[in-house]
Amino acid sequence: MTPMTRYTWPAMTAHWLIAALILVALPLGWYMHDLPLSPTKLRLYSYHKWIGVTVLLLFVPRLLIRLRYPPPAPLPAPAWQQRMATLTHGALYLLMAAVPLSGWLMSSAKGFPVVYLGVLPLPDLVVRNPALGDWLKAAHETLSFTLLGLIVLHVAAALKHQLIERDGTLWRMLPLGKLRSAHAEKAQFGRK
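Everything numeric here is computed off the predicted structure, so don't read it as measured data.

A. Structural detail: helix 2 (residues 39–68). Spanning 30 residues, helix 2 covers 44 Å between terminal C-alpha atoms, matching the ideal 44 Å at 1.5 Å per step. Taken as a whole, helix 2 carries its principal kink of about 35 degrees at Phe59; the proline Pro61 stands between one and four residues after it.

B. Geometry of the nonpolar core. Of all hydrophobic cores here, the largest spans 27 residues; its most connected members are Ile22, Ile51, Val55, Met96, Leu122, Leu147 and Ile151. Listing elements by their share of this core, those giving two or more residues are helix 1 (9–33), helix 2, helix 3 (79–110) and helix 4 (130–165). Setting aside chain neighbours within four positions, we find Ile151 in contact with Ile22, Leu23, Leu26 and Leu92. Counting six residues, the second largest nonpolar core, distinct from the first, contains Tyr7, Ala11, Ala14 and Met173.

C. Region of interest: helix 4. In this model, helix 4 (36 residues) spans 50 Å end to end at C-alpha, consistent with the 52 Å of a helix rising 1.5 Å per residue. Buried within helix 4 are the following residues: Gly133, Leu136, Ala139, His140, Ser144, Leu147, Leu150, Ile151, Ala158, His161 and Gln162. In this structure, the buried residues of helix 4 make contact with helix 1, helix 2 and helix 3. Between the side-chain oxygen at the start of helix 4 and the backbone nitrogen of Ala131 there is a gap of 3.2 Å, and the oxygen is on Asn129. Remark: Arg166 follows helix 4 within two positions and exhibits a positive phi of approximately 55 degrees.

D. Spatial organisation of the packing of aromatic side chains. This structure, assessed with the given rule, holds two aromatic pairs. Here Trp30 and Phe145 contribute two aromatic rings whose centre-to-centre distance is 5.2 Å and whose plane-to-plane angle is 25 degrees, an arrangement assigned as stacked. One end of the pair, Trp30, is in helix 1; the other, Phe145, is in helix 4, with 115 residues separating them in the sequence. Using a relative accessible area of 32% as the deciding quantity, one classes Trp30 as partly exposed. When the centroid spacing of 5.4 Å and the interplanar angle of 55 degrees are considered together, the rings of Tyr47 and Trp50 count as tilted. Placement of the pair is Tyr47 and Trp50 together in helix 2, with a separation of three residues, close to one helical turn.

E. Spatial organisation of the packing of helix 1 against helix 4. Closest axis-to-axis distance for the helix 1/helix 4 pair is 11 Å, and the angle between their directions is 130 degrees. Taken together, the axes of helix 1 and helix 4 lie oblique to each other. Classified by chirality, the crossing of helix 4 by helix 1 is left-handed. Contacts from His15, Ile22, Leu23, Leu26, Trp30 and His33 in helix 1 reach Lys137, Glu141, Ser144, Phe145, Leu147, Leu148, Ile151 and His154 in helix 4. Here the residues of the contact of helix 1 with helix 4 are counted per class, giving eight nonpolar, four polar and two charged.

F. How the structure looks around a nonpolar patch on the surface. On the surface, a nonpolar cluster with roughly 380 Å² of combined accessible area is contributed by Val60, Leu63, Leu64 and Leu67. Inspection of the secondary structure puts Leu67 in helix 2.

The rules behind these values
- Residues numbered from 1 in each chain as written.
- Predicted model: local features only at pLDDT ≥ 70, side-chain atom pairs only at ≥ 80, totals over all residues.
- Heavy atoms only, no water.
- Helix = DSSP H or I, 4+ residues; strand = E, 2+ residues; numbered from the N terminus.
- Expected span 1.5 Å × (residues − 1).
- Bend = angle between axes of the 7 residues up to and from the residue.
- Core = buried A, V, L, I, M, F, W, Y, C linked by side-chain atoms within 4.5 Å.
- Buried < 20%, exposed > 50% of the residue type's maximum accessible area, 1.4 Å probe, protein only.
- Contact = heavy atoms within 4.5 Å.
- Polar contact = N/O pair within 3.5 Å; in protein donor to acceptor, adjacent residues only side chain to side chain.
- Phe/Tyr/Trp six-rings, centres within 6.5 Å; stacked < 30°, edge-to-face > 60°.
- Axes fitted to C-alpha atoms, helices over the stretch in contact; angles between N-to-C directions.
- Parallel < 35°, antiparallel > 145°, perpendicular 65-115°, else oblique.
- Left-handed = near helix turned anticlockwise from the far one by under 90°.
- Nonpolar A, V, L, I, M, F, W, Y, C, P; charged D, E, K, R; others polar.
- Patch = residues over 30% accessible without salt bridge, like charges linked within 9 Å, V, L, I, M, F, W, Y side chains within 5 Å.
- Areas by Shrake-Rupley, 256 points an atom, 1.4 Å probe, with all protein chains shown as cover.
- Salt bridge = Lys/Arg side-chain N within 4 Å of Asp/Glu carboxyl O.

Below, the structure written as structure tokens:
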């Protein structure tokens with residue numbers, strides 16, 4: 001495939017870096033949630049918060065990369081699939097910011113400061129308010145499960161395109177996909 005049919009290196013790097021962070025933060029959050037209060041639980045909460053703040057910090061560059069380097073043109077697909085892809089990507093971007101922000105708000109409302117990487121105290125976003133903290137906890141959990149559902153949908157769609165449609169969609173986002181994507185392009189566009 002030509003460079004115009006693949007995602008750019010900045011887009012691929014931002015995608016996979018944030019994906020890796022989210023895929024660590026989600027299971028870590030669920031695991032630590034039910035642990036008894038201990039130094040281990042507090043340490044895991046700190047790691048979870050650090051990852052969340054990192055995702056939030058990377059969100060703006062990720063968004064700027066998306067605006068600066070628009071994705072390649074979609075491969076042929078039914079209009080409803082194109083709309084679903086657009087909606088899903090939009091929701092993923094929204095949740096990339098909303099999930100960590102809701103966690104930070106929850107920590108602030110519950111009176112637990114966020115100290116980024118254990119050295120940089122971040123400001124509380126709201127005053128201590130246990131009732132608000134409980135509401136934000138529920139919001140954070142709901143947003144997290146929504147994010148997980150959209151990630152599953154996103155991955156399933158990518159695998160469908162790769163394994164069933166064989167249209168090279170997945171290779172366009174893989175850093176080493178250039179080698180394989182040439183074969184996919186030849187198979188797709190070489191048939192006339």
